[in-house]
Amino acid sequence: MPPWTPDSWKTKDASQAVAYPDPEALARVQAEISRLPPLVTSWEVEGLKQQLAQAARGEGFLLQGGDCAESFDDCAPDSIATKFKILLQMSLLLVHGTRTPVVRVGRIAGQYAKPRSSATEERDGRVLPSYRGDLVNCSPFTPEDRTPDPTLLLRGYERASLTLNFVRALADGGFADLHHPENWDVSFAKDSPLHEEYRRIAQAIKDSISFMEAVTRTRSQLLQRVDLYTSHEALSLEYEQAQTRQVPRREGWYDLTTHLPWIGMRTAQPDGAHVEYCRGIRNPIGVKVGPAMGDEQLLRLLDLLHPDDEPGRLVLIHRLGADRVQDELPRLVETVRRSGKTVLWCADPMHGNTETTAAGIKTRRFDRILTELQAAFEVHDALGSRLAGVHIELTGDNVTECIGGAAGPTEQELHLDYRSKVDPRLNYHQALEMALLIARHLRRDGSPQRAR
Ligand code: PEP
Ligand code: CO
């Protein structure tokens, strides 16, 4: 195999490639980003890998969640704090359900680029490049806005950095202090049928902490901070390459834009540029696995991305749809088993369950999402495998983008506060309810805790 370099991906076909009109301007921006400090560090990346390795062994659970696409406007205190809060609250419920540590990973601080099914968009006979996320171009339908602009890579890097700065502050101190789970409860609807169950679990956690601290006669500093790792789709290789570094006293190269980059379903070709880029970095890598993923393709991806079976290296995120998960998942699990390698299996119950209403609104139904998740747990369990994570599109705000849940919007109510420019997200209540139901399922079933 030809040697890997941070730009060897350029020798391969890149699906979803962006045609920058001014290559020199692009090169200048990339050079500037490469001079700036990294967003994450190699030791954090290695720490996450270890935690993912534990989860893959049956001693932990991965919660990955956030917006389908962050926008530069989302880089605002409320939006970041509410996202942090919902991930924290969901993780508490999952800790309670799984009785194992939960690894929190946000789709945050860099989830700015989107794959599109069509490179162009037509409106009233005019054809322009599709909007590909704030990292690439702007959404208004004008030629100026839609032309890819490399300075947006730098704006994205800066926004990611500002977001992460605030996330790090929130993670370390009062906001995330496990001694005060009730602090996290401020906006959870008091009349929701699930409020009482959430409150009970929060109280149980608080009691356990007091008990442990009484027994050990210490107040644990460890409980005053939580980790939140970052992830995004490694779609813009121009962006990732610019922050790909070697670091002192470690071997290899790291993508220091994020802890956990993932390869999307549309860019997972074994001969393609995205796989080429990701094979050479030391980060843990996620790969989205859709129903069209053939066994041969999967085996080649395992060879390329996971050659040494390094613990915690590979997260396979299946997104099959409620209708297909029963039929497709067993084949995928068996194929990985044949390879002899260990991966962390994670379910994305969102992307296989997107539909468009009669009124033309893109939505997802809470019930279908839950159905896929439950089926995924059951299939893994029946095959002696373990589903060790979930990947969910959500927001901490009370938007009306997905239908259902205990108090969620109906189809007729979707227009009330629909904000996403791309995929519909679970809102705060729906996300919390989903976590509660997963936790309940795990507690009742007990199977995911069983190490195999
Ligand atoms: C996404 O995660 O937003 C996405 C585009 O997913 P997928 O690649 O699985 O379609
Ligand atoms: Co999405």
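The rules behind each value
- As a convention, each chain's residues are numbered from 1 in the sequence order in which they are written.
- Chains and ligands are labelled by the order in which they are written, letters from A for the one and numbers from 1 for the other.
- The model is predicted, so local features are restricted to residues of pLDDT at least 70 and side-chain atom pairs to those at 80 or more, both for listing and for counting; the totals for chains, interfaces and linings are taken over all residues.
- Computation of side-chain values covers all heavy atoms of the structure but excludes hydrogens and water.
- The helix and strand labels rest on DSSP assignments: H or I over at least four residues marks a helix, E over at least two residues marks a strand, and numbering proceeds from the N terminus.
- We compute the radius of gyration from the C-alpha atoms alone; for a globule the expected value is 2.2 Å times N to the 0.38, where N is the number of residues.
- Burial classification: accessible surface area is computed with a 1.4 Å probe over protein chains only, and a residue below 20% of its type maximum counts as buried, one above 50% as exposed, and the rest as partly exposed.
- Each accessible area value is a Shrake-Rupley result obtained with a 1.4 Å probe; residue values ignore everything except the protein chains displayed when judging cover.
- Two residue types count as positive, namely Lys and Arg, and two as negative, namely Asp and Glu; His and chain ends fall outside the count.
- Charge positions come from single atoms, namely NZ of Lys, CZ of Arg, CG of Asp or CD of Glu.
- Strand pairing is assigned whenever DSSP identifies at least 2 bridges connecting the two strands.
- Here a crossover is taken to be right-handed if, once the strands point away from the viewer, the path from the first strand over the helix to the second is traced clockwise.
- Pairing of aromatic rings covers Phe, Tyr and Trp, the last through its six-membered ring, and needs centres within 6.5 Å; plane angles under 30 degrees mean stacked, over 60 mean edge-to-face, and all others mean tilted.
- Polar contact is defined as a pair of N or O atoms within 3.5 Å, subject to the rule that within protein one atom must be able to donate a hydrogen and the other to accept it, and that residues adjacent in sequence are counted only when both atoms are side-chain atoms.
- Residues count as neighbours in contact if any of their non-hydrogen atoms are within 4.5 Å of one another.
- Nearness is judged by heavy atoms alone; a residue qualifies as near a molecule or strand once a single heavy atom is within 4 Å of it.
- Each residue gets one of three labels, nonpolar for Ala, Val, Leu, Ile, Met, Phe, Trp, Tyr, Cys and Pro, charged for Asp, Glu, Lys and Arg, and polar for the others, Gly among them.
- A score from 0 to 100, pLDDT tells how confident the predictor is in each residue.
- Should a side-chain nitrogen of Lys or Arg be within 4 Å of a carboxyl oxygen of Asp or Glu, the pair is scored as a salt bridge.
- Convention adopted: a line fitted to C-alpha atoms gives each axis, helices being fitted over their contacting stretch, and angles between N-to-C directions are expressed from 0 to 180 degrees.
- What a helix should span is 1.5 Å times the count of its residues minus one.

*Asks:* Please clarify how the overall build of the protein chain should be interpreted in this entry.
*Replies:* Along the backbone of the protein chain there are 12 helices and 14 strands. Relative to the 2.2 N^0.38 estimate, which gives 22 Å for 452 residues, the radius of gyration of the protein chain is 21 Å and therefore close to what a compact globule would have. When the 452 residues of the protein chain are sorted by exposure, 57% land in the buried category. Carbon and sulfur atoms form 51% of the exposed surface of the protein chain, whose accessible area is close to 18,700 Å². Of the side chains in the protein chain, 55 bear a positive and 63 a negative charge, and the two mean positions are spaced by 3 Å.

*Asks:* I would appreciate a short explanation of the pairing of strand β9 (residues 285–289) in the present structure.
*Replies:* Two faces, one strand: in a regular strand the side chains alternate between the faces of the sheet. Of all five residues that make up β9, five are buried, and the element is covered over most of its length. Taking every second residue as pointing to the same face, both faces of β9 are buried, with I285, V287 and V289 on one and G286 and K288 on the other. In this sheet, β9 lies alongside strand β8 (residues 260–263) in parallel orientation, the contact comprising two bridges. Along β9, the bridge assignment pairs W262 with G286. In terms of handedness, the path from β8 via helix α8 (residues 273–279) over to β9 forms a crossover that is right-handed. Following the backbone out of β9, through helix α9 (residues 295–305) and into the adjacent parallel strand β10 (residues 314–318), one traces a crossover that is right-handed.

*Asks:* Can you help me understand the packing of aromatic side chains in this one?
*Replies:* For any pair of aromatic rings, the description consists of the separation of the ring centres together with the inter-plane angle of the planes. Considering all chains together, one arrives at four aromatic pairs under this definition. Note on W4 and Y277: the rings are 6.4 Å apart at their centroids and 50° apart in plane angle, and the pair reads as tilted. Pair noted here: W4 is in the segment before α1 (23–35) and Y277 is in helix α8, with a separation of 273 residues, a long-range link. As far as the burial class goes, W4 and Y277 line up, both buried. With a centroid separation of 5.0 Å and an interplanar angle of 85°, the aromatic rings of F72 and Y112 are classed as edge-to-face.

*Asks:* Explain the side chain of Q16 here, please?
*Replies:* Secondary-structure assignment places Q16 in the segment before α1. In this structure the side chain of Q16 is engaged in a polar contact, spanning 2.8 Å, whose partner is the backbone nitrogen of R116. Contact partners of Q16, with chain neighbours within four places excluded, come to K114, P115, R116, R132, L235, R266 and T267.

*Asks:* Help me out: how do you make sense of α9 in this one?
*Replies:* Residue pairs spaced three or four apart in an α-helix point in one direction, given the helix's 3.6 residues per turn. Residues of α9 that are buried include every one of L298, L301, L302, L304 and L305, and no others. On its buried face, α9 is in contact with β8, α8, β9, β10 and α10 (325–339).

*Asks:* Even after reading the chapter, I still don't get the site of ligand 1, so can you show me in this structure?
*Replies:* Close to ligand 1 lie C68, R107, K114, P115, W262, G264, M265, R266, K288, R319, H351 and E393, which account for all nearby residues. In the model, an oxygen atom of ligand 1 is placed 2.8 Å from a nitrogen or oxygen of the R107 side chain. Separating an oxygen atom of ligand 1 from a backbone N or O atom of M265 is a distance of 2.8 Å. With the chains in place, 97% of the 290 Å² that ligand 1 exposes on its own is no longer accessible. When the residues that make up the shell around ligand 1 are grouped by side-chain class, the tally is four nonpolar, two polar and six charged.

*Asks:* Teacher, can you tell me more about the confidence of the model for the protein chain here?
*Replies:* Close inspection of predicted coordinates is inappropriate in any region flagged by low pLDDT. For the protein chain, mean pLDDT is 92; residues scoring 70 or higher make up 94% of the total. Element-level pLDDT for the protein chain is lowest in helix α6 (residues 195–216), with a mean of 81, against a maximum mean of 99 in β10. Across residues 447–452 the pLDDT falls below 50, and counting only partners more than four positions away or on other chains, this stretch makes 15 contacts in the model.

*Asks:* Would you mind showing me how to read the environment of L256 here?
*Replies:* As for its position among the elements, L256 is in the loop between β7 (253–255) and β8. The buried category is assigned to L256, whose relative accessible area is 2%. In this structure the C-alpha to C-alpha distance between L256 and A242, which are 14 residues apart in sequence, comes to 9.2 Å. When neighbours within four sequence positions are excluded, L256 is seen to be in contact with P38, L39, V40, T41, S42, Q243, R245 and V247.

*Asks:* What am I meant to see in the pattern of salt bridges here?
*Replies:* Pairing is possible between side chains of opposite charge, provided their charged atoms come close. Per the counting criterion, the structure on display carries 30 salt bridges. Two residues, R324 and E328, come together in a salt bridge whose shortest N-O distance is 3.4 Å. On the basis of relative accessible area, E328 is assigned to the buried category, the value being 14%. Among the charged side chains, a salt-bridge network with shared partners connects R107, K362, R364, E393 and D423.

*Asks:* Hey, could you run me through the sheet that holds β10 in this one?
*Replies:* As a general point, the strands of a sheet are linked pairwise by backbone hydrogen bonds and lie either parallel or antiparallel. Strands sit in the order β1-β2-β5-β8-β9-β10-β11-β14 around a closed barrel of eight strands; the barrel is parallel. Neighbour-to-neighbour, the strand axes of the sheet open up by a mean angle of 25°, direction not taken into account. The pairing of β10 with strand β11 (residues 344–347) spans four bridges and is parallel. Its bridge partner being in β11, V315 is matched across the sheet by L344.

*Asks:* It is not clear to me how helix α3 (residues 77–98) should be interpreted in this structure. Could you clarify?
*Replies:* End to end, α3 covers 31 Å across 22 residues, agreeing with the expected 32 Å (1.5 Å per residue, within 8%). R99, located one to two residues past α3, shows a positive phi value of around 55°.

*Asks:* For this particular structure, what's the right way to read unusual backbone geometry?
*Replies:* The general pattern is negative phi for most residues beyond glycine and trans for most peptide bonds. The phi torsion at Q16 lies on the positive side, around 65°, for a residue other than glycine. Even without being a glycine, D309 presents a positive backbone phi close to 55°. Following the sequence through the fold, D309 ends up in the loop between α9 and β10.

*Asks:* I tried to follow the environment of E328 on my own but got confused; where do I start?
*Replies:* Here E328 shows up in helix α10. Linking E328 and E46, residues 282 residues apart in sequence, is a C-alpha distance of 32 Å. With sequence-adjacent residues up to four places away left out, E328 is seen in contact with P291 and L320. Of the polar contacts made by the side chain of E328, one reaches the side chain of R331; its length is 3.0 Å.

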